[in-house]
Amino acid sequence: MLLQFISNLFESNEPDQNQYDIVIQINDKVSPADKRNLYLLPLNDFLTSKNYGEISGGGILKEEPGEIIFCDIHVKFHQEEINENILKDIMIYLEDCGAPKGSKIIIEKTHQEIPFGKNEGIAIYLDGENSEEKNQETYNLDFVQSEISRRTNTTQSAERFWKGNSTTGLYFYGQSYEKMKDEVSHFMSSYPLYKSARIAQIA
C-alpha cells in the first residue's frame, strides 16, 4: 500500500521544520480545511489559554488513491517534562471536539502511544461504475449525505467524503457504529440504486 503524507502548518504548504514533543493522531477522515477548523485552531487556542504550549506542525496521511487515513497535529510544550495531566486535558478537549476512537497521542521521545477518542465511525462506499446509468437526479451524493445524517442523527459540520475513480466514500461519526449501521442498511434497502454500497467501521 502506497501512502502519502501531506505536511501543513495552519494549512500552509511548507514542511514542518519545528521541533515537537508529541504527535496527536486523529482518526478522522476530514478534509484539511475542516481539520483546521475542527481541531487545529481550537486546540491552538486551548494550548495558548492554558499556557501549555503551541502547535508546531502537522499534516494528513493519504492512501495512494487519495483517501484520507488520519490527520496529525504536532505540539511543542513550554516545559521540558511531559505532564500526564496536560496530556489528559488535551485528550478530553479533543474528544469534546469530536475526536473518534482510534485516535492517539504519540510521545516523540519514548514513542509511547496513548489511545483516546469517543465517537465511532462508519464509511459508506458507493460503486461509481456504470455511472452513465445514474443520472443527476437519482445518483445524488448530497441527498445521500443529508438522508443518512438525518437517519443516524449525526451532524455533518465538516466535509467528509472521498471520490475515487470508481468509488465514492462517505464518512459519518456518532456514538454507536451498530446503530448507524442499522440505519444505513435500512436506507440502502429503501433505495435499490445504492444496494451495492459497502459499509465499513472506521472508528
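First things first, this report covers the structure right here in the doc. (Residues numbered from 1 in each chain as written. Predicted model: local features only at pLDDT ≥ 70, side-chain atom pairs only at ≥ 80, totals over all residues. Heavy atoms only, no water.)

This part takes up helix α4 (residues 177-190). With 14 residues, α4 should reach 20 Å at 1.5 Å per residue; the first-to-last C-alpha distance of 20 Å fits that figure. Burial in α4 covers these residues: Tyr177, Met180, Val184, Phe187 and Met188. Buried positions in α4, seen along its axis, are confined to an arc of 95 degrees and lie on one side of it. Residues of α4 that are exposed and point more than 90 degrees away from the buried face comprise Lys179 and Ser189. For α4, the secondary structure elements touched by its buried residues are β7 (120-127), α3 (141-152), β9 (167-174) and β10 (198-201). (Helix = DSSP H or I, 4+ residues; strand = E, 2+ residues; numbered from the N terminus. Expected span 1.5 Å × (residues − 1). Buried < 20%, exposed > 50% of the residue type's maximum accessible area, 1.4 Å probe, protein only. Arc of directions from axis to C-beta. Contact = heavy atoms within 4.5 Å.)

This brings us to the packing of α3 against α4. Helix packing for two helices is described by the angle between their axes and how far apart those axes are. Packing of α3 against α4 leaves a shortest axis separation of 9 Å and a crossing angle of 135 degrees. One element, α3, and the other, α4, form an angle in the oblique class. Where α3 crosses over α4, the handedness of that crossing is right-handed. Residues Phe143, Val144, Glu147, Ile148, Arg151 and Thr152 of α3 touch α4, and the partners they reach there are Met180, Glu183, Val184, His186, Phe187, Met188 and Ser190. Class assignment for the residues of the contact of α3 with α4 results in 7 nonpolar, 3 polar and 3 charged. (Axes fitted to C-alpha atoms, helices over the stretch in contact; angles between N-to-C directions. Parallel < 35°, antiparallel > 145°, perpendicular 65-115°, else oblique. Left-handed = near helix turned anticlockwise from the far one by under 90°. Nonpolar A, V, L, I, M, F, W, Y, C, P; charged D, E, K, R; others polar.)

Moving on to the pairing of strand β5 (residues 103-107). Within a regular beta strand, the side chains point alternately toward one face of the sheet and then the other, so they alternate between its two faces. Here β5 lies mainly inside the structure; 4 of its 5 residues are buried. As defined by bridge partners, strand β2 (residues 22-26) adjoins β5 across 4 bridges and the pair is classed as antiparallel. Counterpart to Gln25 in the pairing with β5 is Lys104. Joining the antiparallel neighbours β5 and strand β6 (residues 113-116) is a turn of 5 residues, in which His111 adopts a positive phi near 65 degrees. (Pairing = 2+ DSSP bridges.)

Judged by pairing direction, the sheet is antiparallel, and its 4 strands sit side by side in the order β8-β9-β7-β10 without closing on themselves. On the outer flanks of this sheet lie β8 (161-163) and β10, each paired with one strand and no other. If you compare each strand with its neighbour and ignore which way they point, the axes differ by 15 degrees on average. Here 4 bridges tie β7 to β10, and the two strands are oriented antiparallel to one another. Residue pairing across strands places Ala123 opposite Ala200, the latter belonging to β10. The strands touched by α3 within the sheet are β7, β8 and β9, with β9 carrying the most contacts at an inclination of about 20 degrees. Contacting β7, β9 and β10, α4 crosses the sheet at an angle of about 25 degrees to β7.

Time to look at the pairing of β2. β2 sits mainly inside the fold: 5 of its 5 residues count as buried. A two-sided burial pattern is seen for β2, the buried positions comprising Ile22, Ile24 and Ile26 on one face and Val23 and Gln25 on the other. Sheet analysis places β2 next to strand β4 (residues 68-77), joined by 5 bridges and oriented antiparallel. Paired with Val23 across the bridge in β4 is His74.

Remember, this is a structural readout, not a statement about activity or role.
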